[in-house]
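Understanding the architecture of this molecule
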Amino acid sequence: MDEFQIMEPCHATDLVYFRKRIGKEGMKVIFSMSVGLHGKAAQEKQVIIDTTVQENNITYPTDGKLAIKIINHLHKTAKREDIQLRRTYIKELKGHRISLRFFRHPRKRKKARAAMKRLKTIAKTLIRDMDRQFNDEQHKKYAQDFYLYMRVLLQERKSKNKIYSLHEDHAYAVGKGKDHKQWEYGTKASIVTTKNSNVIIGVCAHDTNEHDSKTLDAALTSAISNRTKPIIEALCDRGYRGRKEVLDVQISIPGTVLKRDSKYQKEVKREKFRRRAAIEPVIGHLKSDHRMQRNYLKGFIGDEINLLLAASAFNLKKWMNNFLRLLILVRIALLVTALQQQKTKKREEYIHIYLLILRVW
């Protein structure tokens, strides 16, 4: 813009249309470009790999919450399709919702369990009532939704492939052993960074809750596609046990000290695995600064796009910071050169200060 504009440059939904138009493949091109900006720093032989959880925008899942949501969806569907239900159960729902409060308290469990059972019965009754009144076209239109509702209502505590959200049905529970958060609900994401420069060269979202060792193929494939030089070694934590080589890349995992190792070999291993922890703050910055803490984009494709955008933003910010540091260094060097040509009393003091700054940088 050449002049100040009162209105916004574009509507907020234009970003949604842009994201849908270029899709995951377009985001990969942007991410690859952000890797290429770093030049030789992104071509290191050694990389670090780790996984984290990208949480979806869902509430904490309980059977009671899901049953109430299903009933509300069914009421809206009946109103939309102009279907007269034999009974709506709206008045009864209020009492059951109150009974579910503090359901973990020993004195509340029996009442909460009865309320949860009744809510599931109400949801199934409404599904049968609507199913009887649907015509063939409506059956086809809502078959997938009703199948999802019945899966939620029939699942039990020990069921496999449980559904934790109606609008993010691909989300799964991941336990990472955290004291403050036993379970995280979303998708697992792999991050690949270079060993010394901490440039993110590969990211990958996983649609199933796989063991960390089984995520290496997809993570390394993503990293190799954004480089021109091969990766020689990948540094991982003990969660990746079971794989020693993947796609011609050696997988190094910390272990016990071997008697046959020389002092130099021990020091090399110690340095490598100390450096492996450098990926943890990178993941922290992705979550706190680049919108990976909670993903608001819908579906598994939204998880992939959000991860690629967060990694691209991290790389671009890193490149801009390096560029600004270079400009400051050039400016200081020019000031030192100019002061050396002047003849003033404080010239030596200024030169000493600027040289000290250059040495620190």
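Heads up: these notes are all about the structure in this document.

Parameters at a glance
Residues numbered from 1 in each chain as written. Predicted model: local features only at pLDDT ≥ 70, side-chain atom pairs only at ≥ 80, totals over all residues. Heavy atoms only, no water. Helix = DSSP H or I, 4+ residues; strand = E, 2+ residues; numbered from the N terminus. Rg over C-alpha atoms; globule rule 2.2 N^0.38 Å. Buried < 20%, exposed > 50% of the residue type's maximum accessible area, 1.4 Å probe, protein only. Contact = heavy atoms within 4.5 Å. Lys, Arg positive; Asp, Glu negative; His and termini not counted. Salt bridge = Lys/Arg side-chain N within 4 Å of Asp/Glu carboxyl O. Disulfide = S-S within 2.5 Å. Patch = residues over 30% accessible without salt bridge, like charges linked within 9 Å, V, L, I, M, F, W, Y side chains within 5 Å. Areas by Shrake-Rupley, 256 points an atom, 1.4 Å probe, with all protein chains shown as cover. Axes fitted to C-alpha atoms, helices over the stretch in contact; angles between N-to-C directions. Parallel < 35°, antiparallel > 145°, perpendicular 65-115°, else oblique. Left-handed = near helix turned anticlockwise from the far one by under 90°. Nonpolar A, V, L, I, M, F, W, Y, C, P; charged D, E, K, R; others polar. Core = buried A, V, L, I, M, F, W, Y, C linked by side-chain atoms within 4.5 Å. Phe/Tyr/Trp six-rings, centres within 6.5 Å; stacked < 30°, edge-to-face > 60°. Expected span 1.5 Å × (residues − 1). Polar contact = N/O pair within 3.5 Å; in protein donor to acceptor, adjacent residues only side chain to side chain.

1. So, the overall build of the protein
Each helix and strand in the protein was counted, giving 10 helices and 8 strands. Relative to the compact-globule value of 21 Å for 361 residues, the protein shows a C-alpha radius of gyration of 28 Å, a clear excess of over 25%. A burial count over the protein gives 40% of its 361 residues as buried. Of all intrachain contacts in the protein linking residues separated by at least 6 positions in sequence, the fraction that spans at least 24 positions is 66%.

2. Description of the side chain of Asp-50
Its location among the elements puts Asp-50 in strand β1 (residues 46-56). The side chain of Asp-50 is buried and forms no salt bridge, while Arg-276, the nearest opposite charge, is found at 4.1 Å. Not counting residues within four places of it along the chain, the set of residues in contact with Asp-50 comprises Ala-189, Ser-190, Ile-191, Asp-237, Tyr-240, Arg-276, Ile-279, Glu-280 and Ile-283.

3. Observations regarding the state of the cysteines
In the structure shown here, the tally under the stated rule is 0 disulfides. No disulfide involves Cys-204; its nearest neighbouring cysteine sulfur is the one of Cys-236, lying 14 Å away.

4. A few points about a nonpolar patch on the surface
Where nonpolar side chains cluster on the molecular surface, the patch consists of Met-33, Leu-37, Trp-319, Met-320, Phe-323, Leu-324 and Leu-327 and spans about 640 Å² of accessible area. Here the nonpolar patch gets 5 residues from one element, more than from any other, and that element is helix α9 (residues 299-341). Looking at the element boundaries, Trp-319 is found in helix α9.

5. Observations regarding unusual backbone geometry
Its identity is not glycine, yet Asn-161 carries a phi of approximately 55°, on the positive side. Of note, Asn-161 is situated in the loop between α5 (136-154) and β2 (172-174). In the Ramachandran plot, Asn-198 falls in the positive-phi region, its phi being about 60° despite a non-glycine side chain. Here Asn-198 is to be found in the loop between β3 (184-194) and β4 (200-206).

6. Things to note about the pattern of salt bridges
According to the stated counting rule, one finds 15 salt bridges in the structure shown. For Lys-141, the salt bridge goes to Glu-81, with nearest N and O atoms at 3.2 Å. Of the two residues, Lys-141 sits in helix α5 while Glu-81 sits in the loop between α2 (63-80) and α3 (90-99), which places them 60 residues apart along the sequence. The class for Lys-141 is exposed, based on a relative accessible area of 52%.

7. Thoughts on the packing of helix α4 (residues 109-133) against α5
Taken N-terminus to C-terminus, the directions of α4 and α5 make an angle of 165°; their axes are 11 Å apart at the nearest point. The orientation of α4 relative to α5 falls into the category roughly antiparallel. For the pair α4 and α5, the crossing hand works out as left-handed. Here Lys-120, Ala-123, Lys-124, Ile-127, Met-130, Asp-131 and Gln-133 of α4 lie close against α5, whose contacting residues are Gln-138, His-139, Phe-146, Tyr-149, Met-150, Leu-153 and Leu-154. When the residues that make up the contact of α4 with α5 are grouped by side-chain class, the tally is 8 nonpolar, 3 polar and 3 charged.

8. Topic: the nonpolar core
By size, the foremost hydrophobic cluster in this structure holds 39 residues, and its most contacted members are Ile-49, Ile-191, Ile-200, Ile-201 and Val-203. Per-element tally for this core: the top contributor is α9, with 6 residues. The next biggest cluster of nonpolar side chains, apart from the first, holds 30 residues, and it includes Met-130, Phe-146, Val-152 and Leu-153.

9. Observations regarding the packing of aromatic side chains
Across all of its chains, the model carries 7 aromatic pairs by this definition. Plain terms: the ring middles of Tyr-142 and Phe-146 are 6.5 Å apart, the flat faces sit at 35° to each other, and that makes the pair tilted. A residue pair is termed a helical-turn pair when its members lie 3 or 4 positions apart in one helix, as Tyr-142 and Phe-146 do in helix α5 at 4 residues. Classification of Tyr-142 as buried rests on a relative accessible area of 5%.

10. A short note on α4
If you check α4, its first and last C-alpha atoms are 37 Å apart, about what 25 residues at 1.5 Å a residue would give, namely 36 Å. Listed in full, the buried residues belonging to α4 are Ala-112, Ala-115, Met-116, Leu-119, Lys-120, Ile-122, Ala-123, Leu-126, Ile-127, Asp-129 and Met-130. Buried residues along α4 sit against α2, α3 and α5.

11. A look at the environment of Lys-110
In this structure, Lys-110 sits in helix α4. Through-space distance from the C-alpha of Lys-110 to that of Gly-186 is 31 Å; in sequence the pair is 76 residues apart.

12. What about the environment of Glu-55?
For Glu-55, the location among the structural elements is in strand β1. Judged by its relative accessible area of 9%, Glu-55 falls in the buried class. Between the C-alpha atoms of Glu-55 and Lys-269, which are 214 residues apart in sequence, the distance is 34 Å. Discounting residues that sit within four places of it in the chain, Glu-55 has contacts with Lys-181, Glu-184, Tyr-185, Gly-186, Gln-293, Arg-294 and Asn-295. Looking at Glu-55, its side chain comes within polar contact range of the side chain of Lys-181, at 2.9 Å.

Coordinates in, geometry out; function isn't part of it.
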